Amino acid sequence: MTKQPPNRPPRAGLPPQDRDSLNSVETQEWLDSLAYVFADAGDNRAAELLTELDHYAYFQGAPIEFKQNTPYINTIDVEAQPEYPGNEALELKFRNAIRWNSVIMVLRANKASDGIGGHLATYASAAELLEVGFNHFFRGPEAGQDRDLVFFQGHASPGVYARSFLEGRWDEGRMNRFRRELSPDGPGLASYPHPWLMPDYWEFPTVSMGLGPIQAIYQARYIKYLENRSLKPKGDAKVWAFLGDGEMDEPQSIGAIRFASYENLDNLIFVLNANLQRLDGPVRANSKVIQEFEALFRGAGWNVIKVIWDGKWDELLQKDYNGTIVKRFELLVDGESQRYAAFGGKELREKFFNTPELKRLIEGWSDADLELLNRGGHDVHKIYAAYKAATEHKGSPTIIIPRTVKGYGLGESAQARNVAHNVKKLDTASLIALRNLLELPLTDEQVGALEYYNPGPDSPEVKYALERRAALGGLIPSRKVEYPHPTVPTGEFYEEFAGGSKGRPVSTTMAAVSIMSKLLRDKEIGKLIVPIVPDEARTFGMDALVPRIGIYSPRGQTYTPVDSGSLMVYKESIDGQMLEEGLTEDGAMSSWIAAATSYANHGVPTIPFYVFYSMFGMQRIGDLVWAAADQKARGFLLGATAGRTTLNGEGLQHQDGNSHLQGYVVPNLKTYDPAFAYELAVIIEAGIQRMYVDGIDEFYYITVDNENEIQPAMPDDGRTHEEIHDGILKGMYLFQRNANKKAKLRAQILASGPAMDAAQKAVEMLAGYGVAADLWSVTSYKELHQDALLTQRHNMLHPTDEPKVSYLSQQLSTDNAPGVLVSVTDYVKLGADGLNGHLDRKLWTLGTDGFGRSEGRAELRDFFEVDAKHVVVATLYALQRDGKVKGDVVAKAIADLGIDPERAAPVLR
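Residues numbered from 1 in each chain as written. Predicted model: local features only at pLDDT ≥ 70, side-chain atom pairs only at ≥ 80, totals over all residues. Heavy atoms only, no water.

Participant: Please clarify how helix α35 (residues 868–881) should be interpreted in this entry.
Facilitator: An α-helix turns once per 3.6 residues; consequently, residues spaced three or four apart project the same way. When the terminal C-alpha atoms of α35 are compared, their 20 Å separation across 14 residues agrees well with the 20 Å that a helix rising 1.5 Å per residue should span. Among the 14 residues of α35, eleven are classified as buried, and the element is accordingly described as predominantly covered. Turning to α35, its buried residues are Ala-868, Lys-869, His-870, Val-871, Val-872, Val-873, Ala-874, Thr-875, Leu-876, Ala-878 and Leu-879. Residue Gly-883 follows α35 closely and has a positive phi angle near 75°. (Helix = DSSP H or I, 4+ residues; strand = E, 2+ residues; numbered from the N terminus. Expected span 1.5 Å × (residues − 1). Buried < 20%, exposed > 50% of the residue type's maximum accessible area, 1.4 Å probe, protein only.)

Below, the structure written as structure tokens:
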């Protein structure tokens, strides 16, 4: 290759004017040639040539600037725009009625209860985006395997409610109970999409910013996972996620977009409503947010479709032969665009069409004509073209970025104003203007009375809307829980764990993996088990599962792994069962949510086990855990290597002393901290039965540790296994009764999880001080506390009845459990301390308050004062406070055990 073509004089030697003339002629020749290719061979051939030229120029060293952006115009050219299939007149009338009713609903709510809130501006900007979807794309539950999942933008919920009102799904009374769910007059309407509050309606909670996008990505991947594993028939289902441009500031919103393209999720469509405003003002006032997101998503491998300008602009673009308007578009910033939307045609004429060339393009146009130059997100033709292209695209996910006006049609007080997001009231003049804009047959008096507009079920527009929904598979949103209840293993299946580990040291993490491995082999539900790990399978001892069940990969395995031929070969396959999510707690949790809601979303009751470092679970993914609770997720979260003192050598960021407190606040999350393998088996058995057979909307957080110890058999002291099972599930049971019945000094030691070993040793040491201590295994302080609170509430509300006694009080009554009460856990003291006030005497608590250290287990337990010697001292001190021993007995024990009474408390160090 040569850089200088032959038979042409060097350009550098020409006079400047000749050089410019030659450049101009040459440029026109290239453009003419390209135009010929377009006309003769089509777009694809032109693209091939440009690619070849680009490669040639690169290897010749041409300094070509890399651009991730296309021009600031619509991606789909007007000539490529398909015919709109709907009845535009009826759709407009129906849409206008929704717009009105969504506003009236919020205004009425705030009139009835000042400050109750609600949002007007988001739906006003998104009405066309949603209605084109409702009328032509979103497939409902009756579409079978082609049913779509739609993540609705949370702040647009008033518009979705208003549509359901016109569809006849509820009456005016329920509309009037927007944000009034506790009304005695009947059910209300939740502020935002909340499946827990409206379980037959909403499917996905989305208003916690950033959680909708990442959950939508993993839901789309889970559809392909189910299909590739033959758990769901292959179909054409799409996952739609409606998002706000301000929402994309959240790291979770964009954190998983590369994963979506890597997984080739062509069943995923983001609709990013670029109304250019967030809560306080412009999203990117000094630049263009649409261009920013185009670059971001194109760079991540997404198909990007921009819908910026409406059809009226096409008239100007088609006569703009020199690209003058396109160049002016490139100079726009969003702060400027916001002014045009707020102030109208006059502002547009003066500030946008501000050159002689631009002025010539609008000669003869009035300000009213300029007012018709709208944004593409309000043009149903442009939206339909984008949606159709997105649904037909193959090989990668699609993001559609329509440009809209926040508060569109809401008048001078809200349209495109910085305050638009917070506007909850409109004056009568603004309402009359809105009525006129929407062309509704309401009188001024009806407007002033905030009357809804419902043309009735027999009106052409309502009939049309219902017919469209029927053709697309039924009304949405709609959450219908229908799934075949699986046959699950019963007690005999878990019996081996009741026998202990037969002298072999085993951690409870390994016991959990053994239970999961056995479940995977079960002929009935084995295929429904979904193990999920965030790149820690070997850490948790799950590497043996990989060769057997495989790691799911849509590409299969296109290479020979380095450990090929070994027993622990790394196996990826299209029908792999394990989901190995890489180093992403948010991604792994979103994947778990997709699996844990599959029973409702797909009618496939998969049973997910997400195994993770406990410190990197609740602490990092708390908001996603709450979202899981809202959408009634079912499954198991296993916090492995749990506790603050078991993961020796790792330091404070890896040592978990608080996840049970974080789990406590989630209402339908059951939390357990078992000490033994048989306890774990009992909890998992009950959990599967309750969630998947009994259909109880709950999920489980279970902590398991990595300390290898000999696992004991279930106590064999005359009690039945059922009695012990009952205690394990309720939160505590007597593990070991002290044989010394004649001792005058008695104590009850409560221990859980990793703290059990210290408690067992303390029981032996206390015998040397004349103390007979019984040992209790506490599997769940949350279960005990909630039962005690419910008992207390019942007694308070039934003051003349015989008081009920909580399970906690029954077990630890003075008659049943004499002496002082002392608890020790590997978690902060507050968890156990919650039981105080529900007992007939004080519970003295030991726990791991404070920062961790990079130390061994023994040193950590001494540092946190939860080892055996500190349990002994705490018990003796409790006896002193109870008047059973003298202070010098406690002092001597402190000295004998080598405890420094002057050292700072661990919480202060």
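Participant: Teacher, can you tell me more about the environment of Arg-99 here?
Facilitator: You can see Arg-99 is positioned in helix α3 (residues 88–112). C-alpha separation for the pair Arg-99 and Leu-438, spaced 339 residues apart in sequence, amounts to 8.2 Å. If we ignore the near neighbours within four places in the chain, the residues touching Arg-99 are Tyr-123, Ala-124, Ala-127, Glu-128, His-378, Tyr-408 and Leu-438. (Contact = heavy atoms within 4.5 Å.)

Participant: Before we go on, may I ask you to explain the sheet that holds strand β5 (residues 398–402) in this structure?
Facilitator: Reading across the sheet, the five strands line up as β1-β2-β3-β5-β4 and stay open at both edges, with parallel pairing between neighbours. Of all strands in the sheet, those bounded by a partner on one side alone are β1 (149–151) and β4 (303–307). Adjacent strand axes in the sheet meet at a mean angle of 15°, parallel and antiparallel pairs treated alike. As judged from the three bridges shared by strand β3 (residues 268–273) and β5, these two strands associate in the parallel manner. From the neighbouring strand, Ile-269 faces β5, where its bridge partner is Thr-398. Packing against the sheet, helix α4 (residues 121–136) makes contact with β2 (239–244), β3 and β5, and its axis sits at approximately 140° to β3. (Pairing = 2+ DSSP bridges. Axes fitted to C-alpha atoms, helices over the stretch in contact; angles between N-to-C directions.)

Participant: Where do I start with the sheet that holds strand β10 (residues 579–580) in this structure?
Facilitator: Here six strands make up an open sheet; going across it, the order is β10-β7-β11-β12-β14-β13 and the pairing parallel. If you trace the sheet from one side to the other, it starts and ends with β10 and β13 (669–672), each paired once. Summarising the sheet, strand β7 (residues 529–533) and strand β11 (residues 607–613) pair through four bridges and their orientation is parallel. Across the sheet, Ile-529 pairs through a bridge with Ile-607, a residue of β11.

Participant: Can you walk me through the packing of aromatic side chains in this structure?
Facilitator: Given two aromatic rings, one states the distance between the centres and the angle between the planes to describe the pair. One pass over the structure, following the stated rule, counts 49 aromatic pairs. Seen from the ring of Tyr-262, Arg-555 lies directly overhead, with NZ or CZ sitting 4.1 Å from the centre. (Phe/Tyr/Trp six-rings, centres within 6.5 Å; stacked < 30°, edge-to-face > 60°. Lys NZ or Arg CZ within 6 Å of the ring centre and 35° of its normal.)

Participant: Even after reading the chapter, I still don't get helix α13 (residues 334–343), so can you show me in this structure?
Facilitator: Listing the buried residues of α13 in full gives Asp-334, Glu-336, Ser-337, Gln-338, Tyr-340 and Ala-341. Contacts made by the buried residues of α13 are with α10 (289–299), α12 (324–331) and α14 (345–352). Just downstream of α13 lies Gly-344, where phi reads positive at about 85°.

Participant: Would you take a moment to explain the environment of Leu-197 for this structure?
Facilitator: With respect to the helices and strands, Leu-197 occurs in the loop between α6 (172–175) and α7 (211–228). We classify Leu-197 as partly exposed; its relative accessible area is 47%. Placed 208 residues apart in sequence, Leu-197 and Val-405 show a C-alpha to C-alpha distance of 31 Å. In this structure, Leu-197 is in contact with Glu-181 and Ala-190, ignoring residues within four places of it in sequence.

Participant: How should unusual backbone geometry be read in this particular structure?
Facilitator: Among all residues save glycine, negative phi is the norm, and among peptide bonds the norm is trans. Residues Ile-476 and Pro-477 are joined by a peptide bond in cis, for which omega reads -5°. For Pro-477, the position within the fold is in the loop between α20 (460–471) and α21 (495–498). Non-glycine residue Ser-230 carries a positive phi angle of around 60°. Mapped onto the fold, Ser-230 is located in the loop between α7 and β2. On the basis of relative accessible area, Ser-230 is assigned to the exposed category, the value being 64%. Positive phi outside glycine occurs at Thr-641, with the angle close to 45°. Turning to its location among the elements, Thr-641 is positioned in the loop between β12 (636–640) and α27 (659–664). Residue Thr-641 is classed as buried on the basis of its relative accessible area of 3%.

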